[in-house]
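Structure at a glance
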Amino acid sequence: MAERAIGLEDIANIDAHLDYQAVIIGAGVAGIYQIKRLADLGVRATVLDANADLGGTWYNNRYPGARFDSESYTYSYSFSRELLDEWHWTERFAPQPETLQYLNYTTDKFDLRKFMQFGCRVESMVFQDATNSWVIGLEDGRQITTRFVISGLGILSKPTLPKFAGMDSFKGLSFHASNWPHEPLDLTGKRVALVGTGATAIQLIPEVAKVAAQLTVFQRRANWAAPLNNAPISESEMAAIRGRYDEIFAACARSPGGFEHEPDRRGFYNLSPEQRRELWDKLYDEPGFGIWLQNFTEIFFDEKANAEFSAYIAERIRRRVNDPGLAELLIPKDHGFGIQRVPLETGYFETYNRDNVVLVNSAQTPIVRITPNGIETSEGTFDCDVIVYATGFDAFTGAFDHIDIRGADGERLRDKWAKGPVTYLGATVRGFPNFLMLVGPQTAASNFPRGAELSVDWVTPLLEYMWAHGHNRFDVDEVAEAEWVEHVKDMYKGMLLRNAKSWITGYNSNLEGHEYGNVRYNIYNGGGPRYAKMLSEMAANNYEGMHFR
Ligand SMILES: Cc1cc2nc3c(=O)[nH]c(=O)nc-3n(C[C@H](O)[C@H](O)[C@H](O)COP(=O)(O)OP(=O)(O)OC[C@H]3O[C@@H](n4cnc5c(N)ncnc54)[C@H](O)[C@@H]3O)c2cc1C
């Protein structure tokens, strides 16, 4: 890092004519850590969030069953030893309320709330070429000036609803799972309809089935899922985890996905089918993403290896579902295991053995309309009291598209990204000077806080470098951006996920332009360690690919 030419105490005086030196949008995991780093430097910065309080994903998603798929302790911030020593995760995969509590605890411990403003929806951001600054427009009409804008907008923060006729006519309660009501909602004895069978639905379905009189699940495409194998963490186990934190974070930094799980590199074809099955039997009973990320790497690249493993998981599902016809409906036939983000479940498949649960095959008998009393399909009507739409998100770019972001020559970001994100290193965009993205599109897919800390730990020294050198503006090199995008595309080649109908490829049937076949290169598939190395090398090389003035 460059030596700062100014004293720390002077830093807040830079750009005194602007409201802020830096504005962070989003008070989630990423935004909280970013404001911590800037506050430590004494920078005049603020965090704006549309929500009424902090937490982002963990503030919004309050549906029953909402919890981590990441091991709680690998989701911890690693930046403070004290925080690591103080916090006790009570479950291996913490439920949403505990994570929200953790983020509040962190914020209050470091006295960060005073930098945050809630109920502030950013509607526009216009770059001022003459002054190298941004004007941020809020929904309430206020305008804020700043040198830098740092987005912590979230990759899954814009829910998408389906477009069924009659949705407004429903007389009962209906909402997207991500907007589950904040006040207690008692579903005891209610008839509940649930549309979708993605990761959220897979967590939600077993919980609703326990209390509802009737649960009807509308499934268009089946999803692979594997057991979470959650368990409480005792005081002594937590003490042991605390003693291991350095080791845990080192393992996360080594692994492609930022988890403790590292791939089995013995080679799929070097082992016999029996030896492969031995590994899978072991992983199926272990907690978390091991079944996906500790597997043979061939399952991600090789059709035959993937088919053999998918057949293994299908067999496990058949063992858990009493009705063989129902089991077949729950086994995906259009894609192999692991080429979409794998949901983890607790009793999901067994839930379909209950008398009060019905699975409707919406591929065969599609939903035609929502009526005042429930859901009408091509085959019949399903009356209900509550409809939950677990229909996913406008992933990666949705939150950006909802802001009118205009760059140096008036170009709109949403136009530049009409066919998918175009970035330099997933952190910056050519034509949009002084705009930085924390864990933006085209960064390495990762256990989130591991990627967020990497992002923040790259952004913060970049700002220090600029202040130290008296720079007011950075721009991104055209060739550097084009080369990065090509590299991102290259990393999809050969991977089975390139054909997936998933948010990794930008597929979303409820969004125009996101139809199957219009691949959007949303993530960097080269793995966390390689991505981290590229970030640090370009920084060490005076931020190669960026121009300063
Ligand atoms: C149900 C669910 C479970 C998940 N489980 C895991 C998991 O186990 N492990 C994992 O690694 N990841 C998981 N994720 C991904 C999760 O999104 C990240 O882990 C992390 O919480 C993202 O943090 P963030 O700070 O980037 O964004 P978010 O938490 O999404 O926060 C973004 C914030 O930006 C605000 N915002 C957006 N647009 C505007 C605007 N125009 N103006 C003002 N504010 C705005 C939002 O209000 C929000 O508060 C899960 C996601 C979901 C939805």
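Bear in mind the structure is a predicted one, so any value in this text is a computation, not a measurement.

Cut-offs and rules
Residues numbered from 1 in each chain as written. Predicted model: local features only at pLDDT ≥ 70, side-chain atom pairs only at ≥ 80, totals over all residues. Heavy atoms only, no water. Core = buried A, V, L, I, M, F, W, Y, C linked by side-chain atoms within 4.5 Å. Buried < 20%, exposed > 50% of the residue type's maximum accessible area, 1.4 Å probe, protein only. Helix = DSSP H or I, 4+ residues; strand = E, 2+ residues; numbered from the N terminus. Contact = heavy atoms within 4.5 Å. Pairing = 2+ DSSP bridges. Axes fitted to C-alpha atoms, helices over the stretch in contact; angles between N-to-C directions. Near = heavy atom within 4 Å. Polar contact = N/O pair within 3.5 Å; in protein donor to acceptor, adjacent residues only side chain to side chain. 1 Å grid on protein atoms, 1.4 Å probe; cavity = no way out; pocket = protein on both sides within 12 Å on 5 of 7 lines; lining within 4 Å. Points joined across faces, edges and corners; volume = space filled by probe spheres on them. Nonpolar A, V, L, I, M, F, W, Y, C, P; charged D, E, K, R; others polar. Phe/Tyr/Trp six-rings, centres within 6.5 Å; stacked < 30°, edge-to-face > 60°. Right-handed = clockwise from strand over helix to strand, strands pointing away. pLDDT = per-residue confidence, 0-100. Expected span 1.5 Å × (residues − 1). Arc of directions from axis to C-beta.

Some remarks on the nonpolar core
The nonpolar side chains of a soluble globular protein tend to be buried with one another. Core analysis: the largest hydrophobic core is formed by 135 residues, its most contacted members being W89 and W458. Take this core: its biggest share by element is nine residues, from helix α14 (residues 448-469). Counting 23 residues, the second-largest nonpolar core is a separate cluster that includes I25, I136, W417 and F432.

Some details on the side chain of E71
Position of E71 among the secondary structure elements: in the loop between α2 (57-60) and α3 (81-86). In contact with E71, other than residues within four places in its own chain, are R92, F93, F259, H261, P287 and G288.

Here's the deal with the sheet that holds strand β7 (residues 173-176)
The sheet built from five strands is open, its strands ordered β7-β16-β8-β9-β12 with parallel pairing. Because the sheet does not close on itself, it has two edges, and the strands there are β7 and β12 (357-361). Across this sheet, the average inter-strand angle for adjacent strands is 15°, counted without regard to direction. In this structure, β7 lies alongside strand β16 (residues 386-389), joined through four bridges in parallel fashion. If you follow F175 over to β16, its bridge partner there is V388.

Some remarks on the site of the ligand
Taken together, 30 residues form the shell around the ligand, and within it D49, D69, S70, Y75 and F448 come nearest. At a separation of 2.7 Å, an oxygen atom of the ligand approaches a polar backbone atom of D69. At the level of secondary structure, the elements contributing two or more residues to the shell around the ligand comprise α1 (29-41) and α2.

Describing unusual backbone geometry
Here N434, not a glycine, exhibits a phi torsion of approximately 60°, which is positive. Looking at the element boundaries, N434 is found in the loop between α13 (413-416) and β18 (435-437). Residue classification places N434 among the buried residues on the basis of a relative accessible area of 0%. Positive phi outside glycine occurs at Q442, with the angle close to 75°. Structurally, the position occupied by Q442 is in the loop between β18 and α14.

Description of empty space enclosed by the protein
Within the structure shown, the criterion is met by one cavity of 30 Å³ or more. Considering the residues around the largest cavity, the lining is formed by S151, G152, L153, G154, I155, F396, F400, L438, V439, G440 and P441. Looking at side-chain class alone, the lining of the largest cavity contains seven nonpolar, four polar and no charged residues.

A closer look at the environment of L204
Summarising the element assignment, L204 is placed in helix α5 (residues 199-211). Distance in space between the C-alpha atoms of L204 and A390 is 9.0 Å, their sequence separation being 186 residues. Other than its neighbours up to four places away in sequence, L204 contacts Y63, P64, A177, W180, L194 and V388.

Some remarks on the packing of aromatic side chains
Counted according to the given criterion, the structure contains 45 aromatic pairs. Ring centres of F268 and Y269 lie 4.9 Å apart, and the angle between their planes is 70°; on these two criteria the pair is classed as edge-to-face. By relative accessible area, which is 1% here, F268 ends up buried. Since its relative accessible area comes to 43%, Y269 is described here as partly exposed. Pairing F309 with F337 gives two aromatic rings, centres 5.0 Å apart and planes at 85°, and the pair type is edge-to-face.

Points about the pairing of strand β9 (residues 214-219)
Both faces of the sheet carry side chains from a regular strand, because those side chains alternate between them. Counting buried positions over the six residues of β9 gives five, a clear majority of the element. For strand β8 (residues 191-195) and β9, the ladder comprises five bridges, and the chain directions are parallel. Following the sheet pairing, R191 is matched in β9 by Q214. Assessed by its sense of winding, the connection that carries the chain from β8 through α5 to β9 is right-handed. Relative to β12, β9 is paired through five bridges, and the arrangement is parallel. Across the sheet, F218 pairs through a bridge with V360, a residue of β12.

Some points on the layout of surface pockets
A volume near 320 Å³ is recorded for the second largest pocket. Looking at the second largest pocket, it is lined by 21 residues, and the ones nearest its centre are C252, A253, R450, G451 and L454. Sorting the residues of the lining of the second largest pocket by element identifies α6 (235-254), α14 and α16 (528-540) as the ones contributing at least two each. Ranked by the residues each element gives to the lining of the second largest pocket, the list is headed by α14, at five residues. The residue inventory of the lining of the second largest pocket, partitioned by class, reads ten nonpolar, nine polar and two charged.

Looking at the confidence of the model for the chain
Scored by pLDDT, the chain comes out at a mean of 96, with 98% of its residues at no less than 70. Within the model, the stretch residues 1-5 combines pLDDT values under 50 with ten contacts to residues more than four positions away or in other chains.

Here we look at the sheet that holds strand β13 (residues 367-371)
Ordered in space as β13-β14-β15, the three strands form an open sheet in which the pairing is antiparallel. Since the sheet does not close on itself, it has two edges, and those belong to β13 and β15 (381-383), each with one partner. Shown here is a sheet whose adjacent strand axes are inclined to one another by a mean of 20°, direction ignored. Both strand β14 (residues 374-377) and β15 contribute to a ladder of three bridges, which runs antiparallel. Counterpart to G374 in the pairing with β15 is D383.

Here we look at helix α15 (residues 478-492)
An ideal rise of 1.5 Å per residue puts 21 Å on 15 residues; α15 measures up with 22 Å between its terminal C-alpha atoms. The set of residues buried in α15 consists of A480, E481, W484, V485, H487, V488, M491 and Y492. Along the axis of α15, the buried positions cluster into a sector of 155°, meaning they face one direction only. Projecting away from the buried face of α15 at angles above 90 degrees are the exposed residues E478 and E483. At its buried positions, α15 is contacted by α13, β19 (474-476) and α16. The distance from a side-chain oxygen at the start of α15 to the backbone nitrogen of V479 is 3.1 Å, and the residue carrying that oxygen is D477. A positive backbone phi angle near 85° is found at G494, which sits one or two residues after α15.

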